[in-house]
Amino acid sequence: MHDEVKSAALNPYEMAVQQFEEAADKLNLSEDMREILRQPKRELTVHFPVRLDSGRIRTFTGYRVQHNVNRGPAKGGIRYSPEVTLDEVKALAMWMAWKCAVVGIPYGGAKGGVICDPKNMSPGELERLTRRYATEISIIIGPHGDIPAPDVNTNSQVMAWIMDTYSMHEGYSIPAVVTGKPLSIGGSEGRNDATATGVLFVTRQAAKRMGMPLQGARVSIQGYGNAGSIAARLFHNEGCKVVAVSDTRGGIYNESGLDPAAVLRHKQERGSVTDFPRAQRIGVQDVLEVPCDILIPAATEGVITETNAGRIQARIVSEAANGPTTREADKILFSKGITVVPDILANAGGVTVSYFEWVQDLQSFFWGVEEITQKLEVIMNRAFAAVAEKADQYSCDMRLAANMLAISRVAEATQVRGIYP
Ligand code: NAD
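Nothing here was measured: the structure is a model prediction, and the numbers come from that model.

Chemist: Looking at this model, I keep getting lost on the overall build of the protein chain. Mind explaining?
Modeler: The helix and strand tally for the protein chain stands at 14 helices and 12 strands. Taken over C-alpha atoms, the radius of gyration comes to 21 Å for the protein chain, in line with the 22 Å a tight globule of 421 residues would show. Relative to its 421 residues, the protein chain shows a buried fraction of 56%. By sequence separation, contacts in the protein chain at least 24 residues apart represent 67% of the contacts at least 6 residues apart. Accessible surface, the protein chain: about 18,300 Å² in total, of which carbon and sulfur atoms supply 50%.

Right under this line is the structure:
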């Protein structure tokens, strides 16, 4: 009984619906509209066989969920993990719908996943799993209907296999069916740095609003993967002092500032940022609580909670990770006057450059990295301004404001299109 209660409390889809209802209440959204928006449009479950290297066959389960496509085709990543559940994929699809709406790119939400343990699979097994999963979900994905991208444990190689599989079935190359592809087959310049670049753009705006100069600002970053290590480099280049970083094994701190490139080399050689010379070793969670001006959670969800929120010293929290802050923690940070730039806004640079990749693929006309960065900055700054204005108007935190803005845009598109038939 206790376990049932616990798992119900942690169900990500219920969490997503709860956040939706909070914003819907504040927007006075009608019950009819809520009825439409709180459910995904489609949930596809597939069970499919894959031949393992041993010659044995194993059946895997995968999902693809699409959440409201009134603003454009569905868009969202595919994750491979033993922890994938249909409810998690439904929640992530809903958050993608809000994320695309908040930055104003013409997409609905989607997410996909396969229950598997990719760390214990050979490249051949992963390729066969990917190609068969792509075939199974090909009845709902496509360059005009639903465009997957990488997510946890999937990468540009996995996207290349999906693009190739889909193209083989159609008889010609269709690069626009996925984003996050290698450059050689229609990927976009700037995609790798896009998430961290977007985090920098919105943080600049938040700092400007608070009259806080970025020059010399102390930055602490949890997670040193794609989002975290690139953010460290970009904030360092901006004149900030990266005082602490961490990964799963622990953190490092130096109040005079770390050299992000040297830390990355150390991590690549030793597998972790810990034991980096010229720094003090700190715990995994300490990185959130060190004295700093800007905190960038860039690792995983649920790390800032009501337990540690009171000890956070930063003035700005820019969420590179998805879902790092609980709602209870949000309230504590808000009452302390800390600005939290929420995930659906702060890390939307990734999906925005994915959108640029899709547009370039559809036109077979490719842009240079300067053009991409410039266009990304316009979109991120515009979205930040709209969310900040909403937060001021309703005297609420930026997460609620971002959700309200996103949901009102999706609701408006749904309303104006009408109910078919
Ligand atoms: P990644 O796998 O490249 O890096 C994750 C990093 O976090 C690693 O350094 C890992 O050691 C560390 N980490 C994991 N759990 C940790 C923990 N409990 N404590 C401390 N460190 C921990 O992943 P990524 O692509 O950088 O993604 C990080 C976060 O950003 C995720 O929440 C992801 O959903 C989000 N995000 C990423 C992108 C993107 O384009 N990469 C886009 C949007 C959102």
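Chemist: What is the right way to read unusual backbone geometry from this model?
Modeler: Excluding glycine, a negative phi dihedral is what most residues carry, and trans is how most peptide bonds are arranged. Residue proline 421 follows tyrosine 420 across a cis peptide bond; omega there is 5°. Tracing the backbone shows proline 421 in the segment after α14 (398-417). One non-glycine residue, asparagine 153, adopts positive backbone phi at about 65°. Locating asparagine 153 in the fold gives a position in the loop between β5 (146-150) and α6 (156-170). Judged by relative accessible area, which is 36%, asparagine 153 ranks as partly exposed. Phi at serine 395 is positive, roughly 45°, even though this residue is not glycine. Mapped onto the elements, serine 395 comes out in the loop between α13 (369-394) and α14.

Chemist: Quick question: what am I supposed to make of helix α9 (residues 260-270) here?
Modeler: In an α-helix, one turn spans 3.6 residues, which is why side chains three or four residues apart end up on the same side. Residues of α9 that are buried: Pro260, Ala262, Val263 and His266. Down the axis, α9 shows its buried residues gathered within 160° of arc, on one side only. Of the exposed residues in α9, the ones pointing more than 90 degrees away from its buried face are Gln268 and Glu269. Tucked inside the fold, the buried residues of α9 contact α8 (226-237), β7 (241-247) and β8 (250-253). Of the residues flanking the start of α9, the one acting as N-cap is aspartate 259, its side-chain oxygen 3.1 Å from the backbone nitrogen of alanine 261. The positive-phi residue at the C-terminal boundary of α9 is glycine 271, with phi of around 85°.

Chemist: Would you mind showing me how to read the pattern of salt bridges here?
Modeler: A pair can form between side chains of opposite charge whenever their charged atoms are brought close. Inspection of the entire model under this criterion finds 31 salt bridges. For the salt bridge of arginine 38 with glutamate 31, the shortest nitrogen-to-oxygen distance reads 3.3 Å. The partly exposed category is assigned to glutamate 31, whose relative accessible area is 46%. Several salt bridges converge on common partners, so that one network encompasses Glu22, Glu319, Arg327, Asp330, Asp343, Asp397 and Arg399.

Chemist: I'm lost on the site of the ligand in this one. Help?
Modeler: Inspection of the region around the ligand gives 19 residues, with Thr195, Tyr224, Asn226, Ala227 and Asn322 positioned closest. Note that an oxygen atom of the ligand is positioned 2.6 Å from one of the side-chain N or O atoms of threonine 195. Note that an oxygen atom of the ligand is positioned 3.3 Å from one of the backbone N or O atoms of alanine 320. Here the ligand has 830 Å² of accessible area as a free molecule, and 70% of this is covered by the chains. Partitioning the shell around the ligand into residue classes produces 7 nonpolar, 9 polar and 3 charged.

Chemist: What am I meant to see in the packing of helix α4 (residues 86-102) against α14 here?
Modeler: Two quantities define a packed helix pair, namely the angle between the axes and the distance from one axis to the other. Between α4 and α14, the least distance of the axes is 8 Å, while the angle of their chain directions is 90°. As the angle between them shows, α4 and α14 are arranged roughly perpendicular. Packed against α4, whose contacting residues are Ala97, Trp98, Ala101 and Val102, the element α14 presents Ala402, Asn403, Leu405, Ala406, Ile407, Arg409 and Val410 at the interface. Grouping the constituent residues of the contact of α4 with α14 by class yields 9 nonpolar, 1 polar and 1 charged.

Chemist: Got a minute to help me understand the packing of helix α7 (residues 194-210) against α8 in this structure?
Modeler: Following both chains from N to C, one finds α7 and α8 inclined at 50°, their axes separated by 8 Å at the closest point. Taken together, α7 and α8 sit at an angle that is classed as oblique. In this structure, α7 meets α8 at a crossing whose hand is right-handed. Contacts between α7 and α8 involve Thr195, Ala196, Thr197, Val199, Leu200 and Thr203 from the first element and Ala227, Ile230, Ala231, Leu234 and Phe235 from the second. Here the residues of the contact of α7 with α8 sort into 8 nonpolar, 3 polar and no charged.

Chemist: Before we go on, may I ask you to explain the pairing of strand β3 (residues 74-81) in this structure?
Modeler: Looking along a regular strand, one sees the side chains alternate between the two faces of the sheet. Within β3, 8 of the 8 residues are buried, which leaves the element mostly enclosed by the surrounding structure. With 6 bridges joining them, β3 and strand β4 (residues 108-115) adopt parallel strand pairing. Each bridged residue has a counterpart across the sheet, and for alanine 74 the counterpart in β4 is glycine 108. Note that the unit made of β3, α4 and β4 has a crossover that is right-handed.

Reading the values: the criteria
- Note that residues are indexed from 1 along each chain, following the sequence as it is written.
- With the structure being a predicted model, the display of local features is reserved for residues of pLDDT at least 70 and the display and counting of side-chain atom pairs for 80 or more, all residues being used for whole-chain, interface and lining totals.
- Each side-chain value is worked out from all heavy atoms of the structure, with water and hydrogens disregarded.
- Where helices and strands are cited, they refer to DSSP runs of H or I of at least four residues and of E of at least two residues respectively, numbered from the N terminus.
- Within these notes, the globule rule equals 2.2 Å times the number of residues to the 0.38 power, and the radius of gyration is based on C-alpha atoms.
- Exposure is judged per residue with a 1.4 Å probe applied to protein chains only, and the accessible area is read against the type maximum: over 50% gives exposed, under 20% gives buried, and values in between give partly exposed.
- Contacts are assigned to residue pairs with any non-hydrogen atoms lying within 4.5 Å of each other.
- Areas reported here follow the Shrake-Rupley algorithm with a probe of radius 1.4 Å; residue values treat only the protein chains shown as occluding.
- Comment: arc refers to directions from the helix axis out to C-beta atoms.
- The definition of a polar contact used here is a pair of N or O atoms within 3.5 Å, where within protein one atom must be able to donate a hydrogen and the other to accept one, and adjacent residues in sequence count solely through side-chain atom pairs.
- Any Lys or Arg side-chain nitrogen located within 4 Å of an Asp or Glu carboxyl oxygen qualifies as a salt bridge.
- What makes a residue near a molecule or strand is one non-hydrogen atom of that residue sitting within 4 Å of it.
- As a working rule, the residues Ala, Val, Leu, Ile, Met, Phe, Trp, Tyr, Cys and Pro are called nonpolar, Asp, Glu, Lys and Arg charged, and the rest polar, with Gly in that last group.
- Note on definitions: angles span 0 to 180 degrees between N-to-C directions of axes, and those axes are lines fitted to C-alpha atoms, for helices only across the stretch in contact.
- Working definition: roughly parallel below 35 degrees, roughly antiparallel above 145 degrees, roughly perpendicular at 65 to 115 degrees, and oblique for all remaining angles.
- Two helices cross in a left-handed way if the nearer one is turned anticlockwise from the farther one by less than a right angle. They cross in a right-handed way if the turn is clockwise.
- Pairs of strands are assigned from DSSP output, requiring at least two bridges between the strands.
- For the handedness criterion, the strands are oriented away from the viewer, and a crossover whose path from the first strand over the helix to the second runs clockwise is classed as right-handed.

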